[in-house]
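The lines below spell out each chain.
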Amino acid sequence: MFPLIALSVFLIFHLFIYFFFIKRIIKPKIPRLVFKYFLIFNYFGIVCYFLGRYYWNMSQSLYFLVSLSIGVGFILFVTALLYQPLSLIPYFSKKRRTFLRNGINLFSGIFAGGYLGFGLIEGKMQPKVERIRLPLEGLKIPFNAVQVSDLHIGGLIEENVVKRIVNQVNSLGADVIFLTGDIIDTEVSNISQAMEELSKLKAPLGVFFVTGNHEFFHNVGKLLTTLKSYGIRVLENENIILAKNGKNLVNLAGVYDLFGRKVGVLEPNLTKALENREDSLPTILLAHQPKFALEVDDSKRVDLILSGHTHGGQIFPFRFLVMIDQPYLAGLYQHTPKTKIYVNRGTGFWGPPMRILSRAEITYFEFVAG
């Protein structure tokens with residue numbers, strides 16, 4: 001259903017772009033016809049993207065072009081939206097009308113081109129290491145951790161990209177590594193080399209994983225088996241105690257993603273995930289979607305939730321649509337008086353290799369006594 005919904009949304013975007021933007025700014029018949037067929041071609045590229053992402057393989061160069069169609073469609077849609085209030089500026093005279101219309105049309109073209117270029121530049125940037133120092137009530141021994149989320153391995157994120165990110169993470173020397181979902185976005189069999197690179201993540205206290213929604217699109221059972229074979233611990237509605245130098249640090253709990261409830265398999269169960277904890281220790285909960293926090297109140301005694309999923313909006317102003325679905329977008333929030341939540345902006349990207357005002361992130365936590 002996800003590809004069908006996405007294609008329907010982008011079809012509406014392209015119709016809006018043509019009828020409320022292109023037809024208004026381009027009057028000559030032939031140039032307007034050229035843009036009309038460009039939009040048709042661009043939409044066909046989006047269709048090919050979803051076919052390549054979920055149904056058949058294609059070359060890297062072709063995959064780049066079709067993924068770019070998504071970015072072009074979204075940017076033109078935003079430009080078309082911005083054009084609407086500008087087109088309502090009163091002209092007062094025919095001469096001024098021509099001058100303002102030409103100026104607005106020129107601005108729209110420059111804006112769309114700059115928007116696309118900036119997005120590609122930021123999308124290619126190395127993930128930024130966000131350093132967060134957090135007190136945990138009841139913590140006796142300080143420790144550090146790294147969070148990686150939303151890598152979306154597959155397509156343009158292949159073994160070389162994964163290798164670079166793994167090296168960056170390992171260089172931080174964290175005690176423990178958390179993978180908070182959407183690590184892959186294709187069948188495991190298509191990305192064996194990239195998964196081999198992912199298996200090189202190393203931390204003294206281990207590497208831990210919880211599912212995201214995209215794992216459910218690509219044979220989640222096979223993925224979990226593969227991760228376990230690499231020594232990556234999958235938290236399946238359960239908790240374990242992290243210990244350092246023989247001394248207990250925290251309860252680490254993890255739940256399946258909320259998408260499991262939609263498909264009726266691997267459903268999240270917070271009560272089960274928090275069973276048999278060590279009451280004297282703080283609790284960290286890994287849950288892919290920030291809105292899972294709505295199921296956590298102070299009676300659950302969770303100190304910190306680590307999530308991803310939102311990509312921080314990835315391409316501004318998409319963040320405002322994300323905020324309709326998710327209560328938290330990016331960064332650290334005080335969810336309840338006793339529970340904080342941190343939302344990682346994503347270490348990879350989905351769709352086009354673009355980010356605007358939401359740079360890719362690796363989060364480094366320094367946990368200290370509260």
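Predicted model, so just to flag it, every value in this text is computed and none were measured.

Enquirer: What's the story with the nonpolar core in this structure? I'm lost.
Expert: Generally speaking, nonpolar side chains in soluble globular proteins are found buried as a group. In this structure, F50, I153, L179, M195, L198 and F209 are the most contacted members of the largest nonpolar core, which totals 74 residues. Here this core takes 12 residues from helix α3 (residues 60-86), the largest share from any one element. Counting only domains with at least three residues in this core, you end up with domain 1 (1-123) and domain 2 (128-369). Here L198 is in contact with L151, I153, V162, V166, I183 and L227, once residues within four sequence places are set aside. The next biggest cluster of nonpolar side chains, apart from the first, holds 24 residues, and it includes L139, I240, L249 and L252.

Enquirer: Could you clarify how one ought to interpret the packing of helix α1 (residues 2-25) against α3 in this entry?
Expert: Helix-helix packing is characterised by the crossing angle of the two axes and by the distance between the axes. Their axes nearest at 9 Å, the elements α1 and α3 cross at an angle of 50°. By the angle between their directions, the pair α1 and α3 is classed as oblique. Where α1 crosses over α3, the handedness of that crossing is left-handed. Where α1 approaches α3, its residues F10, F13, H14, F16, I17, F20, F21, R24 and I25 are matched on the opposing element by I70, G73, F74, L76, F77, T79, A80, L81, Y83 and Q84.

Enquirer: Help me understand unusual backbone geometry, please; the structure alone is not making it clear to me.
Expert: The bulk of non-glycine residues show a negative phi, and the bulk of peptide bonds are trans. A cis amide bond, omega 10°, links F316 with the succeeding residue P317. Its location among the elements puts P317 in the loop between β9 (304-307) and α10 (319-325). Residue N219 is not a glycine yet carries a positive backbone phi of 55°. Looking at the secondary structure, you find N219 in the loop between β4 (207-209) and α7 (220-229). Residue L357 is not a glycine yet carries a positive backbone phi of 60°. Checked against the element boundaries, L357 lands in the loop between β11 (340-343) and β12 (361-369).

Enquirer: Teacher, can you tell me more about the sheet that holds β12 here?
Expert: Two strands in a sheet stick together by hydrogen bonds in their backbones, pointing the same way (parallel) or opposite ways (antiparallel). Pairing is mixed across the open sheet formed by six strands, whose spatial order is β1-β12-β2-β3-β4-β5. Two strands close off the open sheet at either side, each with one partner strand: β1 (128-136) and β5 (233-234). With three bridges joining them, strand β3 (residues 176-179) and β4 adopt parallel strand pairing. If you follow I177 over to β4, its bridge partner there is V207.

Enquirer: Would you mind going over the pairing of strand β10 (residues 331-334) with me for this structure?
Expert: Sheet faces and side chains relate simply in a regular strand, where the side chains alternate between the two faces. Bridging between β10 and β11 involves four bridges; their strand directions are antiparallel. Residue L332 lies in a different strand from β11, and its bridge partner there is Y342. The turn linking β10 back onto β11 is made up of five residues.

Enquirer: Teacher, can you tell me more about the sheet that holds strand β7 (residues 247-254) here?
Expert: Taken in spatial order, the six strands make up an open sheet running β6-β7-β8-β9-β11-β10, and their pairing is mixed. Each edge of the open sheet is held by one strand with a lone partner, namely β6 (238-244) and β10. Each adjacent strand pair in this sheet contributes to an overall mean axis angle of 25°, direction not counted. By the bridge criterion, four bridges tie β9 to β11 in an arrangement that is parallel. Within β11, the position partnered with I305 by the bridge is I341.

Enquirer: Where do I start with the packing of aromatic side chains in this structure?
Expert: Given two aromatic rings, their pairing is described by the distance between the two centres and the angle made by the two planes. A full pass over the atoms with the stated rule returns 21 aromatic pairs. Ring geometry for F16 versus F20: centroids 5.0 Å apart, planes at 25°, classification stacked. Of the two residues, F16 and F20 both sit in helix α1, four residues apart, roughly one turn of that helix. When its relative accessible area of 37% is taken as the criterion, F20 is described as partly exposed. Three or more aromatic residues joined by ring pairs form one cluster here, namely F10, F13, F16, F20, F74, F77 and F318. Against the face of Y364 rests R131, its NZ or CZ located 4.9 Å from the ring centre.

Enquirer: Would you mind showing me how to read the side chain of H214 here?
Expert: Among the secondary structure elements, H214 is positioned in the loop between β4 and α7. Classification of H214 by relative accessible area gives buried; the value is 6%. Here D185 takes part through its side chain, which lies 3.1 Å from a polar atom of the side chain of H214. Setting aside its immediate chain neighbours within four residues, H214 contacts F2, Y54, H152, D182, I184, D185 and W350.

How each quantity is defined
- Residues numbered from 1 in each chain as written.
- Predicted model: local features only at pLDDT ≥ 70, side-chain atom pairs only at ≥ 80, totals over all residues.
- Heavy atoms only, no water.
- Core = buried A, V, L, I, M, F, W, Y, C linked by side-chain atoms within 4.5 Å.
- Buried < 20%, exposed > 50% of the residue type's maximum accessible area, 1.4 Å probe, protein only.
- Helix = DSSP H or I, 4+ residues; strand = E, 2+ residues; numbered from the N terminus.
- Domains from an automatic or database assignment.
- Contact = heavy atoms within 4.5 Å.
- Axes fitted to C-alpha atoms, helices over the stretch in contact; angles between N-to-C directions.
- Parallel < 35°, antiparallel > 145°, perpendicular 65-115°, else oblique.
- Left-handed = near helix turned anticlockwise from the far one by under 90°.
- Pairing = 2+ DSSP bridges.
- Phe/Tyr/Trp six-rings, centres within 6.5 Å; stacked < 30°, edge-to-face > 60°.
- Lys NZ or Arg CZ within 6 Å of the ring centre and 35° of its normal.
- Polar contact = N/O pair within 3.5 Å; in protein donor to acceptor, adjacent residues only side chain to side chain.

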